[in-house]
Amino acid sequence: MQISAQITQFHGVGTPFEVCDAPVTAIKDNILVRVSLSTICGSDLHTVSGRRGAETPCILGHEIVGTIATPTPLRSASGEALHEGDRITWSLTTACGTCDYCVNRNLPQKCETMFKYGHARSEGATAHSGGFATHILLRPGTAIYHIPEAMTDEEAAPINCALATVVNGLTTIGTHAGETAVIHGAGMLGIYAACYLREKEYENVAIVDTNEHRLQTAKRFGATHTFNPNKTPVSDIDAALKELTDGRGADLGVEVSGVTIGIPNLITWLAIGGRCLTLGYVYPNADISVDAHQIVTKCVTLRGVHNYHHTALGASLRFVEENRTRYPFAELIGKTYQLGDINTAFEDAMRQEAIRIAIAPSLER
Ligand SMILES: [Zn+2]
Ligand SMILES: [Zn+2]
């Protein structure tokens, strides 16, 4: 059965998105989903600005929520039946469950045959693979989760990339109640990290960004201290963090700004035995210059995490469900645009005034 659908195609840097009709057919073993809302992630902006490459044409968008459009025999990640009309979100990547990364290395997000939504050349069998479209086809090996009834699409959409990445990273590096953390970058990941660490009973959650508006937002999401490096020199931030920690420095650093001064700053601010998590460098050639003597003499752990283990998505949904009355997650979404206005939506997102800009696809033009 063919269903009428619309997609948007990214053709390369400097070329406007093309909005076109692209009927979709439900394929056996795939799940056809009608997209309700997709948010523009920082990595979509990296692709559109040419900071990182993409095979074109490509349907961008990977922070997605939608409803199942056709009956399916498949089940959710927690084993529940899936029905037409169910509101779902799903893992950014597929995993085969049998390769070395899946079985032995606990890195299914780096599966040998991994497929990543919103990042693939969209042609033939790989068409309808991104969120900036009315429909998307979910492939075998995707971990699918029901969205709790009370949760809005706005609260749910960015969980699928930003929060799940943060939760996977922080779970991997480990969190301990009573510690002091410093987060470099107050975008979506930094704000999620702030409230997550507060709920893990961190005593101090400092956040660093040059954007005052974002620092103010971070305060509403649990940040206890904010620093703007344009106003406060790195050495003064170091002194302030040491004052909070009896002269030790921060226990945990979280790099989510993607700027190359991030890791060097965090290494400077960390205590002896400190841990540094880096999630932000999702574009190539992010060369950093760091005094490695500090890493050795302070016995620092440096850990990168890319994509996320699909179980982190389940944990992230539970986190928002439990804390949605404590933090105004939906307010992190600025304006919502229709699919036909995708070029305006990206111009808006590039201004970085809102933490996230959304696109709500519909067949209306
Ligand atoms: Zn993303
Ligand atoms: Zn695999």
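Residues numbered from 1 in each chain as written. Chains lettered and ligands numbered in written order. Predicted model: local features only at pLDDT ≥ 70, side-chain atom pairs only at ≥ 80, totals over all residues. Heavy atoms only, no water.

1. Side note on the nonpolar core
Counting 54 residues, the largest nonpolar core has Ile159, Leu170, Ile183, Tyr192, Leu197, Leu252 and Phe329 as its most contacted members. Those elements that provide at least two residues to this core are α4 (162–173), β10 (180–184), α5 (188–199), β11 (204–208), α6 (212–220), β13 (250–255) and α10 (311–323). Examining the composition of this core, we find that 9 residues originate from one element, α5, more than from any other. Summarising the domain contributions, this core has at least three residues from each of domain 1 (2–150 + 324–359) and domain 2 (164–304). Other than its neighbours up to four places away in sequence, Ile159 contacts Met151, Ala164, Tyr192, Leu313, Ser316, Leu317 and Val320. In terms of nonpolar packing, the next biggest core, distinct from the first, is built from 17 residues, Ala206, Leu241, Ile267 and Tyr283 among them. (Core = buried A, V, L, I, M, F, W, Y, C linked by side-chain atoms within 4.5 Å. Buried < 20%, exposed > 50% of the residue type's maximum accessible area, 1.4 Å probe, protein only. Helix = DSSP H or I, 4+ residues; strand = E, 2+ residues; numbered from the N terminus. Domains from an automatic or database assignment. Contact = heavy atoms within 4.5 Å.)

2. Some details on the coordination of the zinc ion (ligand 1)
Taken together, the protein donors to the zinc ion (ligand 1) comprise Cys41 (SG), His62 (NE2) and Cys161 (SG), at separations of 2.0 to 2.2 Å. Between the donor residues of the zinc ion (ligand 1), the gaps in sequence give the motif C-x20-H-x98-C. One end of the pair, Cys41, is in the loop between β5 (31–39) and α1 (42–49); the other, His62, is in the loop between α1 and β6 (63–68), with 21 residues separating them in the sequence. Of the two residues, Cys41 and His62, both sit in the buried class. (Donors = N, O, S within 2.8 Å, 3.2 Å for Na, K, Ca; no water.)

3. As for the environment of His146
Within the secondary structure, His146 sits in strand β9 (residues 144–146). C-alpha of His146 to C-alpha of Thr165: the two residues are 19 residues apart in sequence and 19 Å apart in space. Once residues within four sequence positions are removed from consideration, His146 is found in contact with Ser76, Glu80, Ala81, Leu82, Asp86, Arg87, Ile88 and Leu317. A polar contact of 2.8 Å, which involves the side chain of His146, links it to the side chain of Asp86. (Polar contact = N/O pair within 3.5 Å; in protein donor to acceptor, adjacent residues only side chain to side chain.)

4. Some details on the domain arrangement of the chain
Domain annotation of the chain identifies domain 1 (2–150 + 324–359) and domain 2 (164–304). On a C-alpha basis, the centres of domain 1 and domain 2 stand 29 Å from each other. Each partner contributes to the interface: domain 1 provides 16 residues, whereas domain 2 provides 20 residues. Taking both sides of the interface into account, the surface hidden between domain 1 and domain 2 amounts to around 1500 Å²; carbon and sulfur atoms contribute 61%. Of all residues in domain 1, Tyr327, Leu332 and Ile355 bury the most surface against domain 2, accounting for 36% of the area lost on that side. (Buried area = accessible area lost by both parts, 1.4 Å probe.)

5. So, the coordination of the zinc ion (ligand 2)
Cys96 (SG), Cys99 (SG), Cys102 (SG) and Cys111 (SG) make up the full set of protein donors to the zinc ion (ligand 2), lying at 2.3 to 2.4 Å. Geometry at the zinc ion (ligand 2) is tetrahedral, judged from its 4 donor atoms and the angles of 102 to 116° they form at the metal. Along the chain, the residues donating to the zinc ion (ligand 2) are arranged with the sequence spacing C-x2-C-x2-C-x8-C. Judged on exposure class, the residue Cys99 and its partner Cys102 are both buried. (Tetrahedral: all angles 85-135°; square planar, octahedral: opposite > 155°, others 65-115°.)

6. Remarks on α1
In an α-helix there are 3.6 residues to a turn, and that puts residues three or four apart on one side. With 6 of its 8 residues buried, α1 lies for the most part within the structure. Turning to α1, its buried residues are Ser43, Asp44, Leu45, His46, Thr47 and Val48. Contacts from the buried residues of α1 go to β5 and α11 (342–350). After α1 finishes, the residue Gly50 shows a positive phi value of roughly 85°.

7. Details of the pairing of β13
Across the 6 residues that make up β13, a large majority, 6, are buried. Note that β10 and β13 share 4 bridges and pair parallel. Of the residues in β13, the one forming a bridge with Ile183 is Val254. By the bridge criterion, 5 bridges tie β13 to strand β14 (residues 270–278) in an arrangement that is parallel. Directly across from Glu255, in β14, lies its bridge partner Thr278. Regarding the hand of the β-α-β motif, the stretch spanning β13, helix α8 (residues 262–269) and β14 is right-handed. (Pairing = 2+ DSSP bridges. Right-handed = clockwise from strand over helix to strand, strands pointing away.)

8. So, the side chain of Asn204
Residue placement: Asn204 occurs in strand β11. On the accessibility criterion, Asn204 (8% relative accessible area) is buried. Among all residues touching Asn204, those that are not within four sequence positions of it are Glu179, Thr180, Ala181, Thr224, His225 and Leu244.

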